[in-house]
Amino acid sequence: MSDQDGGWRGRLKGVSAPIASGARDAGRGLLDILLPPMAHDSREATASAGLTPDAWSRVVFLEAPVCDGCGAAFEYDGGDFASDRCLACQVQPYAFARARAACVYDEASRGLILKFKHGDQQQFAPLFARWIARSGADVVAEADAVVPVPLHRSRLLARRFNQAAEIARPLARTAGLDYLPDALIRSAPTDSQGGKSARGRRLNVKKAFAVTEAGRRRIKGRRLLLIDDVLTTGATAEACARVLMEAGARAVDLAVIARVRTAREPPK
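Note that the structure is predicted; figures quoted are calculated from it, not measured. (Residues numbered from 1 in each chain as written. Predicted model: local features only at pLDDT ≥ 70, side-chain atom pairs only at ≥ 80, totals over all residues. Heavy atoms only, no water.)

Chemist: Help me understand the nonpolar core in this model?
Modeler: Counting residues in hydrophobic clusters, the biggest one holds 72 residues, and the most contacted among them are Phe128, Trp131, Leu184, Leu226, Ile227 and Leu244. The element best represented in this core is helix α5 (residues 124-135), accounting for seven residues. When near neighbours in sequence (up to four residues on either side) are disregarded, leucine 226 contacts Val147, Pro148, Val149, Leu184, Ala237, Cys240, Leu244, Val252, Asp253, Leu254 and Ala255. (Core = buried A, V, L, I, M, F, W, Y, C linked by side-chain atoms within 4.5 Å. Buried < 20%, exposed > 50% of the residue type's maximum accessible area, 1.4 Å probe, protein only. Helix = DSSP H or I, 4+ residues; strand = E, 2+ residues; numbered from the N terminus. Contact = heavy atoms within 4.5 Å.)

Next up, the structure:
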(Lines give C-alpha, C1' and ligand atoms only; values in the text may rest on other atoms or scores of the structure.)
Protein backbone atom coordinates (compact mmCIF):
# COMPACT_ATOMS: atom_id res chain seq x y z
CA MET A 1 0.00 0.00 0.00
CA SER A 2 1.41 3.39 -0.97
CA ASP A 3 1.66 6.47 1.20
CA GLN A 4 -1.00 8.17 -0.96
CA ASP A 5 -3.48 5.38 -0.26
CA GLY A 6 -4.50 5.88 3.34
CA GLY A 7 -2.05 8.48 4.51
CA TRP A 8 -0.09 8.10 7.73
CA ARG A 9 -2.74 6.60 9.96
CA GLY A 10 -1.94 3.48 11.90
CA ARG A 11 -2.79 0.32 9.98
CA LEU A 12 -3.52 -3.23 11.03
CA LYS A 13 -1.23 -5.70 9.30
CA GLY A 14 -0.96 -9.41 8.68
CA VAL A 15 -3.74 -11.85 9.38
CA SER A 16 -5.28 -9.56 11.98
CA ALA A 17 -6.34 -6.99 9.37
CA PRO A 18 -9.15 -9.04 7.71
CA ILE A 19 -10.46 -10.10 11.13
CA ALA A 20 -10.40 -6.55 12.44
CA SER A 21 -12.01 -5.25 9.26
CA GLY A 22 -14.81 -7.82 9.46
CA ALA A 23 -15.45 -7.06 13.10
CA ARG A 24 -15.45 -3.34 12.40
CA ASP A 25 -17.92 -3.72 9.50
CA ALA A 26 -20.21 -5.91 11.61
CA GLY A 27 -20.08 -3.41 14.42
CA ARG A 28 -20.84 -0.54 12.10
CA GLY A 29 -23.79 -2.43 10.65
CA LEU A 30 -25.21 -3.02 14.13
CA LEU A 31 -24.77 0.64 15.03
CA ASP A 32 -26.56 1.68 11.84
CA ILE A 33 -29.55 -0.41 12.90
CA LEU A 34 -29.61 0.96 16.44
CA LEU A 35 -28.67 4.55 15.57
CA PRO A 36 -29.53 5.80 12.05
CA PRO A 37 -26.54 7.32 10.25
CA MET A 38 -26.22 11.06 10.59
CA ALA A 39 -26.19 13.53 7.74
CA HIS A 40 -22.63 14.67 7.13
CA ASP A 41 -23.56 18.34 7.32
CA SER A 42 -25.82 18.06 10.36
CA ARG A 43 -26.67 15.88 13.33
CA GLU A 44 -30.09 15.28 11.83
CA ALA A 45 -30.66 11.54 11.38
CA THR A 46 -31.13 10.42 7.78
CA ALA A 47 -32.08 7.13 6.15
CA SER A 48 -28.55 6.77 4.81
CA ALA A 49 -25.37 8.78 5.29
CA GLY A 50 -25.54 11.87 3.11
CA LEU A 51 -26.77 15.44 3.29
CA THR A 52 -29.80 17.01 4.87
CA PRO A 53 -32.53 18.00 2.39
CA ASP A 54 -31.66 21.68 2.85
CA ALA A 55 -27.96 21.16 2.10
CA TRP A 56 -28.77 18.90 -0.85
CA SER A 57 -31.12 21.49 -2.38
CA ARG A 58 -28.42 24.18 -2.29
CA VAL A 59 -25.74 22.17 -4.13
CA VAL A 60 -25.75 22.96 -7.87
CA PHE A 61 -25.28 19.56 -9.46
CA LEU A 62 -24.10 19.51 -13.07
CA GLU A 63 -26.47 17.66 -15.37
CA ALA A 64 -26.22 16.91 -19.10
CA PRO A 65 -25.64 18.58 -21.43
CA VAL A 66 -22.11 19.50 -20.32
CA CYS A 67 -18.95 20.33 -22.25
CA ASP A 68 -17.08 17.13 -22.99
CA GLY A 69 -13.73 18.83 -22.48
CA CYS A 70 -14.15 20.72 -19.20
CA GLY A 71 -17.46 19.59 -17.71
CA ALA A 72 -19.09 23.03 -17.81
CA ALA A 73 -22.86 23.06 -18.09
CA PHE A 74 -24.39 24.19 -21.37
CA GLU A 75 -27.36 26.49 -20.94
CA TYR A 76 -29.44 24.41 -23.32
CA ASP A 77 -29.19 21.32 -25.50
CA GLY A 78 -28.15 22.43 -28.96
CA GLY A 79 -29.36 19.26 -30.65
CA ASP A 80 -27.63 16.70 -32.83
CA PHE A 81 -25.54 19.22 -34.75
CA ALA A 82 -24.26 21.24 -31.80
CA SER A 83 -20.64 20.91 -30.70
CA ASP A 84 -20.03 18.76 -27.63
CA ARG A 85 -17.33 21.22 -26.49
CA CYS A 86 -17.43 24.83 -25.37
CA LEU A 87 -15.61 27.44 -27.43
CA ALA A 88 -12.61 27.54 -25.05
CA CYS A 89 -12.15 23.76 -25.30
CA GLN A 90 -12.44 23.90 -29.08
CA VAL A 91 -9.78 26.60 -29.36
CA GLN A 92 -7.41 25.31 -26.68
CA PRO A 93 -8.18 21.76 -25.50
CA TYR A 94 -6.88 20.53 -22.18
CA ALA A 95 -4.15 17.88 -22.09
CA PHE A 96 -6.68 15.46 -20.61
CA ALA A 97 -9.25 14.12 -23.04
CA ARG A 98 -12.50 14.71 -21.14
CA ALA A 99 -13.63 16.13 -17.82
CA ARG A 100 -16.64 15.60 -15.57
CA ALA A 101 -17.58 17.43 -12.37
CA ALA A 102 -20.37 16.49 -9.99
CA CYS A 103 -21.27 20.03 -9.00
CA VAL A 104 -20.38 23.71 -9.11
CA TYR A 105 -17.80 24.92 -6.59
CA ASP A 106 -19.68 27.64 -4.73
CA GLU A 107 -20.80 28.56 -1.23
CA ALA A 108 -22.96 25.45 -0.91
CA SER A 109 -20.33 22.90 -1.93
CA ARG A 110 -17.20 24.71 -0.74
CA GLY A 111 -17.87 24.13 2.95
CA LEU A 112 -18.46 20.42 2.45
CA ILE A 113 -15.29 19.99 0.39
CA LEU A 114 -13.14 21.99 2.82
CA LYS A 115 -14.45 19.99 5.78
CA PHE A 116 -13.32 16.87 3.94
CA LYS A 117 -10.03 18.26 2.65
CA HIS A 118 -8.80 20.24 5.66
CA GLY A 119 -11.16 19.24 8.48
CA ASP A 120 -10.23 15.54 8.47
CA GLN A 121 -13.88 14.54 7.94
CA GLN A 122 -13.34 11.48 5.79
CA GLN A 123 -16.97 10.39 6.02
CA PHE A 124 -17.46 12.59 2.95
CA ALA A 125 -15.23 10.37 0.77
CA PRO A 126 -17.78 7.68 -0.18
CA LEU A 127 -20.46 10.33 -0.68
CA PHE A 128 -18.25 12.28 -3.10
CA ALA A 129 -17.27 9.02 -4.83
CA ARG A 130 -20.97 8.35 -5.49
CA TRP A 131 -21.44 11.87 -6.84
CA ILE A 132 -18.55 11.41 -9.26
CA ALA A 133 -19.74 7.95 -10.29
CA ARG A 134 -23.07 9.50 -11.29
CA SER A 135 -21.82 12.64 -13.03
CA GLY A 136 -18.95 10.82 -14.75
CA ALA A 137 -20.74 7.57 -15.54
CA ASP A 138 -19.60 7.62 -19.16
CA VAL A 139 -15.90 8.22 -18.43
CA VAL A 140 -15.97 5.70 -15.57
CA ALA A 141 -17.47 3.08 -17.90
CA GLU A 142 -14.68 3.55 -20.45
CA ALA A 143 -11.78 3.67 -17.98
CA ASP A 144 -9.32 0.84 -17.41
CA ALA A 145 -7.89 2.17 -14.14
CA VAL A 146 -8.28 4.98 -11.62
CA VAL A 147 -5.40 7.26 -10.58
CA PRO A 148 -5.65 9.87 -7.79
CA VAL A 149 -3.81 13.19 -8.04
CA PRO A 150 -0.98 12.72 -5.50
CA LEU A 151 0.23 14.93 -2.67
CA HIS A 152 3.88 15.60 -1.96
CA ARG A 153 5.20 13.65 1.04
CA SER A 154 5.59 16.82 3.12
CA ARG A 155 1.96 17.83 2.54
CA LEU A 156 0.81 14.29 3.19
CA LEU A 157 2.57 14.35 6.56
CA ALA A 158 0.77 17.56 7.47
CA ARG A 159 -2.68 16.52 6.22
CA ARG A 160 -2.33 12.79 7.09
CA PHE A 161 -4.33 11.62 4.06
CA ASN A 162 -4.71 12.31 0.36
CA GLN A 163 -8.25 13.48 -0.32
CA ALA A 164 -8.13 12.42 -3.98
CA ALA A 165 -7.08 8.90 -3.00
CA GLU A 166 -9.87 8.64 -0.43
CA ILE A 167 -12.40 9.32 -3.21
CA ALA A 168 -10.66 7.27 -5.91
CA ARG A 169 -10.45 4.08 -3.86
CA PRO A 170 -14.21 3.49 -3.29
CA LEU A 171 -14.97 4.73 -6.81
CA ALA A 172 -12.61 2.16 -8.35
CA ARG A 173 -13.89 -0.59 -6.09
CA THR A 174 -17.53 0.04 -6.94
CA ALA A 175 -16.80 0.29 -10.67
CA GLY A 176 -14.58 -2.81 -10.69
CA LEU A 177 -11.57 -0.87 -12.00
CA ASP A 178 -7.88 -1.17 -11.16
CA TYR A 179 -6.88 1.34 -8.51
CA LEU A 180 -3.35 2.74 -8.96
CA PRO A 181 -2.44 4.97 -5.99
CA ASP A 182 1.29 4.52 -6.56
CA ALA A 183 1.42 5.11 -10.34
CA LEU A 184 1.83 8.87 -10.07
CA ILE A 185 3.85 10.82 -7.50
CA ARG A 186 4.35 14.49 -6.75
CA SER A 187 8.13 14.50 -6.99
CA ALA A 188 8.63 18.15 -6.03
CA PRO A 189 6.92 20.25 -3.36
CA THR A 190 4.89 23.17 -4.69
CA ASP A 191 3.37 26.31 -3.26
CA SER A 192 -0.36 26.42 -2.71
CA GLN A 193 -2.26 27.10 -5.93
CA GLY A 194 -4.58 29.48 -4.09
CA GLY A 195 -4.36 33.08 -5.25
CA LYS A 196 -2.24 32.33 -8.33
CA SER A 197 -3.19 33.29 -11.87
CA ALA A 198 -3.82 30.59 -14.46
CA ARG A 199 -0.29 31.04 -15.79
CA GLY A 200 1.12 31.02 -12.26
CA ARG A 201 -0.67 27.77 -11.51
CA ARG A 202 0.70 26.13 -14.64
CA LEU A 203 4.27 27.19 -13.82
CA ASN A 204 3.87 26.08 -10.20
CA VAL A 205 3.10 22.47 -11.15
CA LYS A 206 4.92 22.26 -14.49
CA LYS A 207 7.54 19.73 -13.30
CA ALA A 208 5.91 18.61 -10.08
CA PHE A 209 4.73 15.13 -11.11
CA ALA A 210 6.37 11.88 -12.24
CA VAL A 211 5.31 8.34 -13.05
CA THR A 212 6.92 5.58 -11.00
CA GLU A 213 8.55 2.57 -12.65
CA ALA A 214 5.89 0.29 -11.24
CA GLY A 215 3.23 2.71 -12.45
CA ARG A 216 4.72 2.87 -15.94
CA ARG A 217 4.16 -0.86 -16.39
CA ARG A 218 0.56 -0.65 -15.18
CA ILE A 219 -0.60 2.35 -17.21
CA LYS A 220 0.89 1.55 -20.60
CA GLY A 221 -1.77 1.45 -23.31
CA ARG A 222 -4.62 2.01 -20.85
CA ARG A 223 -7.30 4.67 -20.54
CA LEU A 224 -6.95 6.28 -17.11
CA LEU A 225 -9.45 8.17 -14.97
CA LEU A 226 -7.67 10.87 -12.96
CA ILE A 227 -9.42 11.90 -9.74
CA ASP A 228 -9.11 15.24 -7.94
CA ASP A 229 -11.30 17.34 -5.67
CA VAL A 230 -11.76 20.66 -7.50
CA LEU A 231 -11.13 21.86 -11.07
CA THR A 232 -10.05 25.50 -10.86
CA THR A 233 -7.96 26.24 -13.96
CA GLY A 234 -7.02 22.66 -14.84
CA ALA A 235 -3.28 23.28 -14.33
CA THR A 236 -2.73 20.42 -11.88
CA ALA A 237 -4.77 17.92 -13.86
CA GLU A 238 -3.02 18.94 -17.09
CA ALA A 239 0.41 18.44 -15.54
CA CYS A 240 -0.63 14.99 -14.34
CA ALA A 241 -2.20 14.05 -17.67
CA ARG A 242 0.92 15.05 -19.61
CA VAL A 243 3.29 12.87 -17.61
CA LEU A 244 0.85 9.94 -17.70
CA MET A 245 0.56 10.24 -21.49
CA GLU A 246 4.31 10.56 -21.89
CA ALA A 247 4.67 7.37 -19.84
CA GLY A 248 2.44 5.45 -22.26
CA ALA A 249 -1.17 5.93 -21.17
CA ARG A 250 -3.57 5.68 -24.11
CA ALA A 251 -5.75 8.53 -22.79
CA VAL A 252 -6.49 10.37 -19.55
CA ASP A 253 -9.92 11.61 -18.46
CA LEU A 254 -10.59 13.73 -15.37
CA ALA A 255 -13.35 13.53 -12.77
CA VAL A 256 -13.71 15.91 -9.83
CA ILE A 257 -16.19 16.69 -7.09
CA ALA A 258 -16.65 20.28 -8.23
CA ARG A 259 -15.49 22.84 -10.76
CA VAL A 260 -15.42 26.61 -10.44
CA ARG A 261 -17.75 28.40 -12.85
CA THR A 262 -14.84 30.29 -14.43
CA ALA A 263 -12.52 27.29 -14.89
CA ARG A 264 -12.63 27.99 -18.63
CA GLU A 265 -13.17 31.42 -20.06
CA PRO A 266 -13.96 32.03 -23.75
CA PRO A 267 -10.92 33.31 -25.69
CA LYS A 268 -10.77 37.07 -26.14
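There is more to say, and it comes next.
Chemist: I keep staring at the sheet that holds strand β2 (residues 145-148) and nothing clicks. Help me out?
Modeler: In a beta sheet, neighbouring strands pair by backbone hydrogen bonds and run either parallel or antiparallel. Ordered in space as β1-β7-β6-β2-β3, the five strands form an open sheet in which the pairing is parallel. Either end of the sheet is taken by a strand with one partner, and the two such strands are β1 (99-104) and β3 (178-179). The pairing of β2 with β3 spans two bridges and is classified as parallel. Across the sheet, the residue bridging to alanine 145 is aspartate 178, located in β3. (Pairing = 2+ DSSP bridges.)

Chemist: Could you clarify how one ought to interpret the confidence of the model for the protein chain in this entry?
Modeler: In this model, the protein chain carries a mean pLDDT of 80, and residues with pLDDT of at least 70 account for 71%. This stretch, residues 8-36, has a pLDDT under 50; its non-local contacts, to residues over four places away or in other chains, come to 20 contacts. (pLDDT = per-residue confidence, 0-100.)

Chemist: When you look at the packing of aromatic side chains in this model, what are you seeing that I'm missing?
Modeler: Aromatic ring pairs are defined here through the distance separating the ring centres and the angle between the ring planes. Summed over the entire model, instances satisfying the criterion amount to eight aromatic pairs. Considering the side-chain rings of tryptophan 56 and phenylalanine 61, the 4.7 Å spacing of their centres and the 40 degrees angle between planes classify their relative orientation as tilted. The exposure class of tryptophan 56 is partly exposed, given its relative accessible area of 45%. Their ring planes at 15 degrees and their centres at 5.6 Å tell us that phenylalanine 124 and phenylalanine 128 sit as a pair that is stacked. Of the two residues, phenylalanine 124 and phenylalanine 128 both sit in helix α5, four residues apart, roughly one turn of that helix. The pair phenylalanine 124 / phenylalanine 128 is uniform in exposure class, with both members buried. An aromatic cluster is defined as three or more aromatic residues linked by ring pairs; in this entry it consists of Trp56, Phe61, Phe116, Phe124, Phe128, Trp131 and Phe161. The ring of tyrosine 105 has arginine 110 lying over it, and the distance from NZ or CZ to the ring centre is 5.3 Å. Sitting over the ring of tyrosine 94, arginine 264 keeps its end group 4.0 Å from the ring centre. (Phe/Tyr/Trp six-rings, centres within 6.5 Å; stacked < 30°, edge-to-face > 60°. Lys NZ or Arg CZ within 6 Å of the ring centre and 35° of its normal.)

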